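What the coordinates show
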Amino acid sequence: MTDTGKRPTRRRLLASLGSAAVIGAAGCLGTRSEHNPTSGECPKYDPVEPATTDWRGVMGPATNTGAVAAEAIPKGDLGIDWTVPVETYVGHHVPVVADDTVYVHDMDDELSAVDAETGERVWTRPLADPEPAPAVGGGTLVVVTNAETHAFDAATGDRRWKREDLDGGIFGASPIVAGDTVYVQSGVATHALARSTGETRWRAATGFPSDSTPAVDGDTVYTAGDDTYVRALDTADGTERWRAKTSARIACNVSIVEGTVLVGTAAGNVLGFDAESGEERWRYRLEPRKTRDESRPRRPETIATDGSRVYVATDDRLVTLALADGTRCWDNRNYAGGYASGIAVGAGKVFVPTHDDGGGAMTVLDAPTGSTQQELIGDKRQRFDIGPSVAGGGVYFAGRSAVVRLS
Amino acid sequence: MLSRREVLAAGGAALAGGLAGCGSSPPTPDATFDAPTTAWPTAGYDPQATGHAPAGPTEGTVSWSVSRSSADPPLYGALSPPVVADGTVYVAGLATHYYRPDDFVSPLAAIDAASGSLQWVEGFADGLGGSPAVAGDGSGTVVIGGYDGTLHAVGSDGSSEWTADLGGRLGTPMAYGDRLYVESGSGRLHAVGSDGSRLWAADRPGPTELLVGPDEPVETTMPVADDRGVYAAFTPFEREREAVVVLGYDHGGGRRWRTVLDGRYGRSPNGLAVTDDVLYATVGGTVYALDPDTGEQRWQFVTGSAVAGPPTVDDERVYVGGKNLYALSRSEGVEQWRVVNEAPPSYDRDPTALPYLARPPVADGRVYIRTGAVSAADGTRLWGGDADEWLRSGNYFAEPYYRRPVASPVVTGDAMYLTHAHHGVVKVA
């Protein structure tokens, strides 16, 4: 069974028209893809309450769910608390937040720590060419540049260690800090480093680069990449517990929740695997992008999950699936995809960057239904293209030479 | 634009093909291949291009090498993998877009397998388009295809025996009994007798041919053959992005089937190999298993690279060199093991910087890559390594070698012979 495009037969075409009519009657948004002829309804919204109130990596917790505890989600409509200029000619990446401190770099020559409450700078230090989002854990801030991997004391900005052999890229994987280990995708391997010293604990080489941020849950790290496989590796020594073949490169982050490992492939598929066995539970094919002559996969860029829904961002839409079986629940066609656009979810709300007639906006969606609760338009001082990160009652975005906190 | 004559010629060929297809059963040439242990006579070893020889060396160090500059004309161009027969190693320097056929003299060299002494080098002013093949009729004749559409037959002393003007840019010929099969750069498959007589030619199918002309160049690969017929592949440039067409013919030129492969990551036909029950095809960086009787797809294995090399196959597994070297189960295409190629991604994150790519010969439970070998059963390294000092020396630029291996080995019972992008022709024994 391949997941590549097939021309619709007359029968399939009729079947898809039939299902579209059914959906229309049911009042769902959009049209169901002809490639996913499931007739099931979206199951009841029943999320799992996460414990985390920080946003420690590009997709929040080391499980990359983008989900935080309800107590960390601001209530009511959001307004801007503060805006901190982070001058840059290059761009920003997703801010990370831990212990009431926001960490952000300018992708050029500077790394900063900002007080989450006041917006005042705690420390600033020079750093050449930081690229993906940082990761923070156990008082250590890890930043991958286009040439090296650095660890700093998160409280002071003092250097702890540096690895001159492990580099990364703006579109590449972000590092993950989990327990006393740092995971970095660099070169043609996954590297597990001691958080305190930066020494390699183990390395697992596939021979291919990976742009996919790995997810860590308990004693297993889940990896993917250009290699096309999803792998479960023992965090102790990198031993492979299982691997599952897909049919295309994987650049999207891996997520793990409720015993299900989630990935999205460049063939336009979102797949759910059993975390214990690696068995494929379901797959959902995103509606291809059709032009006059051809059909191209719509590529999953970011995956988040609250334990009930799977939120998949492509460059132009947010698609929501049921975690249990991959049934599509709702779409949002205003999603503003970019190199560092994300998804955050908690307390039944989904925070995303969106398009607006006047430019970019920040939108809060109702997780069960997908309806818009709030849309906040960017302005000359602030845009919402990079992020969000949600932690400690604040929502953080970056863009247009500034970082902003909303609550 | 297509001329009136070409349209008529195309129509005539199609008519002839139709007649061959529905008339009496096509001729089956006698093609006993006696699996030599002292020769590697064509690029794929046997007509099926299994790359599976009965014997190969168990260890080795460099025995001799012939540098690229030591010959006249020099061994420039993209060096073909060697073929070996009658104690002689033959290597061609192919024209590429770096060695343009309009001002490059392609060498064909004969080297004494025992001593490494250069026996002769012939220059081909119009450029060569594929690897040499030793004719299957026992004559020792070496056949090679020119960029100008001429198939050249050369005696073991380097003298010209015959030429056949087939047209198009010719690729690597394959010897099947007393005939040769070769595909032209227009996607036309030619059957030629060992004496240079033209037996038949089959045009590539499709309506687009009538629009762009039958000689519009396409990408092709060496045909393979078994007693059922001959198999060919080409990329139709005009449409169906990321598609390669694979064709099954009988030995009379009648088409048995046609299959289109979508080829995720790369759309070049990079090699075929056929066994009793499966036709394996590398398209871009993906390996496909097809039913040789119908062309129906059995499985595919996406390596993730945009390019992988020709497959080889033994009784248990299929072997293919992409970025890494893979062993796949024959029945389902499930990866059994891989040899990780540690070459770093280049600055533009192209993982094919220094991939393996070469057709990996398999013999006696060993798979040969670059200058060494691994166990066919589990991929463990038996000897040699990518870190060998001499293999790494040289000024590598990935770009000129894109889609070409750095080192391409073949084996006989007691030695490996390989061409190397910098070191020329090398014997390891």
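A brief report on the enclosed structure follows. These numbers were taken from a predicted model, which means no experiment stands behind them. All residue numbers here refer to positions counted from 1 along the written sequence of the relevant chain. Chains carry letters and ligands carry numbers; both start at the beginning, A for chains and 1 for ligands, and go up in the order they are written. With the structure being a predicted model, the display of local features is reserved for residues of pLDDT at least 70 and the display and counting of side-chain atom pairs for 80 or more, all residues being used for whole-chain, interface and lining totals.

**A short note on the overall build of chain B**
- On a plain count of helices and strands, chain B comes out with four helices and 35 strands.
- Here the C-beta atoms are placed from the backbone, and a residue counts as buried if at least 20 other C-beta atoms lie within 10 Å of its own, exposed if 12 or fewer do, and partly exposed otherwise. Classification of the 429 residues of chain B by burial places 55% in the buried group.
- Whether two residues are in contact is decided by their C-beta atoms, placed from the backbone, lying within 7 Å. Partitioning the intrachain contacts of chain B with sequence separation of at least 6 by distance along the chain shows that 55% fall at a separation of at least 24. Comment: elements are numbered from the N terminus, with helices defined as DSSP H or I runs of at least four residues and strands as E runs of at least two.

**Digging into the sheet that holds strand β19 (residues 260-264) of chain A**
Residues and elements named next belong to chain A.
- Overall, antiparallel pairing links the four strands, which are arranged β18-β19-β20-β21 in an open sheet. Every interior strand has two partners, whereas the edge strands, β18 (255-257) and β21 (280-285), have only one. On average, each strand axis in the sheet is tilted by 20° relative to the strand beside it, whichever way the strands run.
- When DSSP finds at least two bridges between two strands, those strands are taken to pair. Relative to β21, strand β20 (residues 269-274) runs antiparallel, the two being bridged by five bridges. Bridged to Gly272 within β21 is Trp282. Simply put, an axis is a line fit to the C-alpha atoms, just over the touching stretch for a helix, and the angle between two N-to-C directions goes from 0 to 180 degrees.

**Some points on the sheet that holds strand β22 (residues 279-283) of chain B**
Residue and element names in this part refer to chain B.
- An order of β21-β22-β23-β24 is seen for the four strands of this open sheet, with the pairing classed as antiparallel. Strands at the two margins of the open sheet, each flanked by one partner only, are β21 (269-274) and β24 (297-302). Strand-to-strand twist across the sheet, computed as the mean angle between neighbouring axes with direction ignored, equals 15°.
- Pairing analysis gives five bridges linking strand β23 (residues 286-290) to β24, with the strands arranged antiparallel. Across the sheet, Thr286 pairs through a bridge with Val302, a residue of β24.

**Looking at the pairing of strand β7 (residues 118-124) of chain B**
All names here are of chain B.
- Relative to β7, strand β6 (residues 106-112) is paired through six bridges, and the arrangement is antiparallel. The residue of β7 that forms the bridge with Ala109 is Val121.
- Taking the residues between adjacent antiparallel strands as the criterion, β6 and β7 are bridged by five residues, where Gly116 takes a positive phi near 80°.

**Quick look at the environment of Thr235 of chain B**
All names here are of chain B.
- Within the element layout of this structure, Thr235 appears in strand β18 (residues 229-235).
- For Thr235, a count of 23 C-beta atoms within 10 Å translates into the label buried.
- It is 5.3 Å that separates the C-alpha atoms of Thr235 and Glu219, two residues lying 16 residues apart in sequence.

**Structural notes on the interface of chain A and chain B**
- Taken together, the contact between chain A and chain B spans 17 residues of the former and 15 residues of the latter.
- Among the residues making up the side of chain A that touches chain B, the classes are represented as five nonpolar, eight polar and four charged. Charged means Asp, Glu, Lys or Arg here, nonpolar means Ala, Val, Leu, Ile, Met, Phe, Trp, Tyr, Cys or Pro, and polar covers whatever is left, Gly included.

**Regarding the pairing of β18 of chain B**
Residue and element names in this part refer to chain B.
- The buried fraction of β18 is high, at seven of seven residues.
- Note: strand β16 (residues 219-220) against β18, two bridges, orientation antiparallel. By the bridge assignment, Glu219 is partnered in β18 with Thr235.
- Sheet analysis places strand β17 (residues 224-226) next to β18, joined by three bridges and oriented antiparallel. Counted as the bridge partner of Asp226 is Gly229 from β18.
- Counting the residues in the hairpin turn of β17 and β18 gives two residues.

**Some words on unusual backbone geometry**
- Going from Gly387 of chain A to Pro388 of chain A, the amide bond is cis rather than trans, its omega being 10°.
- Positionally, Pro388 of chain A belongs in strand β32 (residues 386-391).
- The omega torsion of the bond from Asp72 of chain B to Pro73 of chain B falls at 0°, within 30 degrees of zero and hence cis.
- Here Pro73 of chain B shows up in the loop between β2 (62-66) and β3 (78-79).
- Non-glycine residue Ala49 of chain B carries a positive phi angle of around 55°.
- Of note, Ala49 of chain B is situated in the loop between α1 (4-22) and β1 (52-53).
- The phi dihedral of Arg370 of chain B falls on the positive side, at around 50°, and the residue is not glycine.
- With respect to the element layout, Arg370 of chain B can be found in the loop between β30 (366-369) and β31 (372-375).
- Residue Arg370 of chain B is classed as buried on the basis of its C-beta count, with 25 C-beta atoms lying within 10 Å.

Structural measurements only, silent on function.
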